[in-house]
Amino acid sequence: MSELKTDAFWMPFTPNRTYKVAPRIVERAEGIYLFEKSGRKIIDATAGLWCSNAGHCRREIAEAIHEQALKLDYSSIFNFGHELSFEYAERLVQYTPDGLNRVFFGNSGSEAVESALKIALQYQRARGKGTRTMFIGREKGYHGVNFGGISVGGIAPNYQTFGQPVKANHMRHTLDIARNAFSKGLPEHGIELAEDLERLVAFHGADQIAAVIVEPFAGAGGVVLPPKGYLQRLREICDKHDLLLIFDEVISGWGRTGSPFASQEFGVTPDMITSAKGITNATVPLGAVFVSDKIYNTVMDAAVEGAVEFYHGYTYSAHPVACAAGMATLDIYEREGLLTRAAGDIGKHWESALHSLADLDNVIDVRNYGLVGAIELRAPDNLKGRFGAKASALAWQAGVMARGIGDALCMSPPLIIEAHEIDDIVDKLRGVISGLE
Ligand code: PMP
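Basis of the calculations
- Residues numbered from 1 in each chain as written.
- Predicted model: local features only at pLDDT ≥ 70, side-chain atom pairs only at ≥ 80, totals over all residues.
- UniProt positions renumbered as here; feature names shortened; annotations may be inferred.
- Near = placed C-beta within 6 Å.
- Helix = DSSP H or I, 4+ residues; strand = E, 2+ residues; numbered from the N terminus.
- Nonpolar A, V, L, I, M, F, W, Y, C, P; charged D, E, K, R; others polar.
- Domains from an automatic or database assignment.
- Buried ≥ 20, exposed ≤ 12 C-beta atoms within 10 Å, placed from the backbone.
- Axes fitted to C-alpha atoms, helices over the stretch in contact; angles between N-to-C directions.
- Parallel < 35°, antiparallel > 145°, perpendicular 65-115°, else oblique.
- Left-handed = near helix turned anticlockwise from the far one by under 90°.
- Contact = placed C-beta atoms within 7 Å.
- Pairing = 2+ DSSP bridges.
- Expected span 1.5 Å × (residues − 1).
- Arc of directions from axis to C-beta.
- Right-handed = clockwise from strand over helix to strand, strands pointing away.
- Core = buried A, V, L, I, M, F, W, Y, C linked by C-beta atoms within 7 Å.

Looking at an unreviewed UniProt entry, the protein chain carries the name Aspartate aminotransferase family protein, with the source organism given as Microbulbifer harenosus. In UniProt, the protein chain has this text filed under Sequence similarities (unreviewed entry): "Belongs to the class-III pyridoxal-phosphate-dependent aminotransferase family."

Student: How do you make sense of the site of the ligand when you look at a structure like this?
Tutor: With respect to spatial proximity, 15 residues lie near the ligand, and among them S108, G109, S110, G144 and V250 are the closest. Tallying contributions element by element places helix α5 (residues 109-126) first for the shell around the ligand, with 3 residues. Residues of the shell around the ligand, tallied by class, amount to 7 nonpolar, 6 polar and 2 charged.

Student: Got a minute to help me understand the domain arrangement of the protein chain in this structure?
Tutor: The accessible area lost on association of the parts is a frequent measure of interface size. Looking at the assigned domains, one finds that the protein chain contains domain 1 (16-54 + 339-434) and domain 2 (63-335). Between the C-alpha centres of domain 1 and domain 2 the distance comes to 26 Å. Contributing elements (two or more residues each) for the side of domain 1 that touches domain 2: α2 (47-50), α14 (338-341), α15 (345-355), β11 (363-369), β12 (372-377) and β15 (408-411). Ranked by residues supplied to the side of domain 1 that touches domain 2, first place goes to β11 with 6 residues. Counted by class, the side of domain 1 that touches domain 2 contains 17 nonpolar, 11 polar and 5 charged residues.

Student: Honestly, the environment of Y33 in this entry has me stumped. Any pointers?
Tutor: Assignment of secondary structure puts Y33 in strand β2 (residues 33-35). Of the residues examined, Y33 has 18 C-beta atoms within 10 Å and is grouped as partly exposed.

Student: Could you clarify how one ought to interpret the packing of α15 against helix α17 (residues 419-434) in this entry?
Tutor: Packed helices, taken two at a time, are described by the angle between their axes plus the distance between the axes. It is at 10 Å that the axes of α15 and α17 come closest, and there the two elements cross at 20 degrees. Classified by the angle their axes make, α15 and α17 are roughly parallel. Classified by chirality, the crossing of α17 by α15 is right-handed. Contact with α15, carried on its side by I346, H349, W350, A353 and L354, involves A419, I422, D423 and V426 of α17 and no other residues of that element. Class assignment of the residues belonging to the contact of α15 with α17 gives a composition of 7 nonpolar, 1 polar and 1 charged.

Student: I'm lost on the environment of I32 in this one. Help?
Tutor: Relative to the helices and strands, I32 resides in the loop between β1 (28-30) and β2. Residue I32 is classed as buried on the basis of its C-beta count, with 25 C-beta atoms lying within 10 Å. Non-local contacts of I32, meaning those with residues more than four positions away in its chain, are made with I43, D44, G55, P413, P414, I416, I417 and E421.

Student: Looking at this structure, how should I read the sheet that holds β15?
Tutor: Note: strands within a sheet are paired through backbone hydrogen bonds, in either parallel or antiparallel orientation. If you walk across this open sheet you meet the 4 strands as β11-β12-β15-β14, and the pairing is antiparallel. Of all the strands in the sheet, the pair left with one neighbour each is β11 and β14 (403-405). Adjacent strand axes in the sheet meet at a mean angle of 20 degrees, parallel and antiparallel pairs treated alike. Bridge analysis of β14 against β15 gives 3 bridges, and the strand direction is antiparallel. For R403, the partnering residue across the bridge sits in β15 and is C410. Against the sheet, helix α16 (residues 387-398) touches β12, β14 and β15, its axis set at about 170 degrees to β14.

Student: What is the right way to look at helix α3 (residues 59-71) in this model?
Tutor: Since one α-helical turn is 3.6 residues long, residues separated by three or four positions face the same way. The terminal C-alpha atoms of α3 lie 18 Å apart, and with 13 residues this matches the ideal 18 Å at 1.5 Å per residue to within 8%. Residues of α3 that are buried: I61, A64 and Q68. All buried residues of α3 project into a common sector of 60 degrees when viewed along the axis, lining one side. Structural note: α3 exposes R59, E63, H66, E67 and L70 on the side pointing more than 90 degrees away from its buried face. Residues of α3 that are buried make contact with α13 (320-335).

Student: Help me out: how do you make sense of the sheet that holds strand β13 (residues 400-401) in this one?
Tutor: The mixed open sheet is built from 4 strands, whose spatial order is β1-β2-β3-β13. In the strand order of this sheet, the two ends are held by β1 and β13, each with one partner. Bridging between β2 and strand β3 (residues 41-44) involves 3 bridges; their strand directions are antiparallel. Across the sheet, L34 pairs through a bridge with I42, a residue of β3.

Student: Even after reading the chapter, I still don't get the pairing of strand β8 (residues 244-248), so can you show me in this structure?
Tutor: The two faces of the sheet receive side chains in turn, since in a regular strand these alternate between them. In terms of burial, β8 is largely enclosed, as 5 of its 5 residues are buried. Both faces of β8 are covered, namely the face carrying L244, I246 and D248 and the face carrying L245 and F247. The pairing of strand β7 (residues 209-214) with β8 spans 4 bridges and is parallel. Opposite I213, over in β8, you have I246 as the bridge partner. Considered for its hand, the β-α-β crossover made up of β7, helix α10 (residues 230-240) and β8 is right-handed.

Student: Which parts of the structure should I look at to understand the nonpolar core?
Tutor: What tends to happen in soluble globular proteins is that the nonpolar side chains get buried as a cluster. Core analysis: the biggest nonpolar cluster contains 123 residues, and A211, V212, L234, L244, I246, M272 and A288 have the highest contact counts within it. The greatest single-element share of this core, amounting to 8 residues, is contributed by α13. Shared between two domains, this core takes at least three residues from each, and those domains are domain 1 (16-54 + 339-434) and domain 2 (63-335). Look past the residues within four positions of A211 in its chain and what remains in contact with it is A120, F135, L243, L244, L245 and I246.

Student: Would you explain unusual backbone geometry in this entry?
Tutor: Only a minority of non-glycine residues have a phi that is not negative, and only a minority of peptide bonds are not trans. With phi around 70 degrees, N79 is a residue other than glycine that occupies positive phi space. As for its position among the elements, N79 is in the loop between α3 and α4 (83-92). Exposure remark for N79: the 6 C-beta atoms within 10 Å place this residue in the exposed category. For V223, which is not a glycine, the phi torsion comes out positive at approximately 55 degrees. Position of V223 relative to the elements: it lies in the loop between β7 and α10. Take V223: there are 26 C-beta atoms within 10 Å of it, and that puts it in the buried class.

See below:
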């Protein structure tokens, strides 16, 4: 076989020059495992990028994609339709919290976020509150890479490189290791951080703010769980000031917390939910915004009959192949009980297995919920903020795919994982972490 040429592909979110010196290539995947060309097997403890929830290469989804591509590979949904898009939307809203009964489709989490932000602006304008054009996000929040998403997100390198094209401000994040170290489930301390929203509303004025957007738990910011009562308090403050509340559930949706959506798990209903990733078990790109009837009806009622009510959409919105993949994914989730599995024994096992690493000297926090978790490491001064990447590289060598974020190793295994496989991850990580310096 000829040598792999790596020059042409400018890889995303990757140090290209370093990577290309010794490319790490995955050849195939099956269930919870990734395989290198050599045949070496790696446990995918991150379900890809928090997305292969039912495990990799599920035949049923592959066949649905294949059949759909042969039957109807594409249909414009601007003024046209294909039946599957309507059937799929009807089916999706069976899983969403009460009142969120409308679906707007895009192709990714980033597009779902942009669509939700635009829907918020359209809604405010439709009800005569057109001054409400800014957004409140949160530090450490990740909402994709488009200009709206990086503006509402709270990841510093985005600002430092691209500025803030959409007007937004940010609440403080809720990571508080000093008070909440080694919490199991939701942390006890930090509900008062929700009052930061009151501070920002007082500063900007409610009449300037269209919506508040947060991930129920921050994923790419390092698995930061909401303190008990925090999301409820955000909802109350939004209601008090008539602000929309958007939950970005691109990671937390589709069973990750033990309910279909974290909104249900944490008992707080937002006005919109963004979704992607696990929606198709990551097989083909698809994003969606679940929108409340209140928003949908307001936007519809304000438009002139016959006019386009929302001037937005993508060539591939509700792509037939993506809808087919999504339908087959839901079949698996239902049949295998995956949307609530993390709430049962496997989630408890995950919790106790991860926390068994608490005795290691260089572990300063373990946090978990459902089937997501992070191990925070004590970094040496010269590697602070980058120690997770080092740990992640060593974990890969040891046969575990775990993500390094800041000084933490973050994981979100496929929801099909079994207890002995969790034990295998934790055994391997024990070796990696205890040898780290
Ligand atoms: N929102 C959240 C919460 C995410 O975690 C991500 C991706 N990790 C996105 C949005 C963006 O999704 P995508 O990469 O599919 O555009």
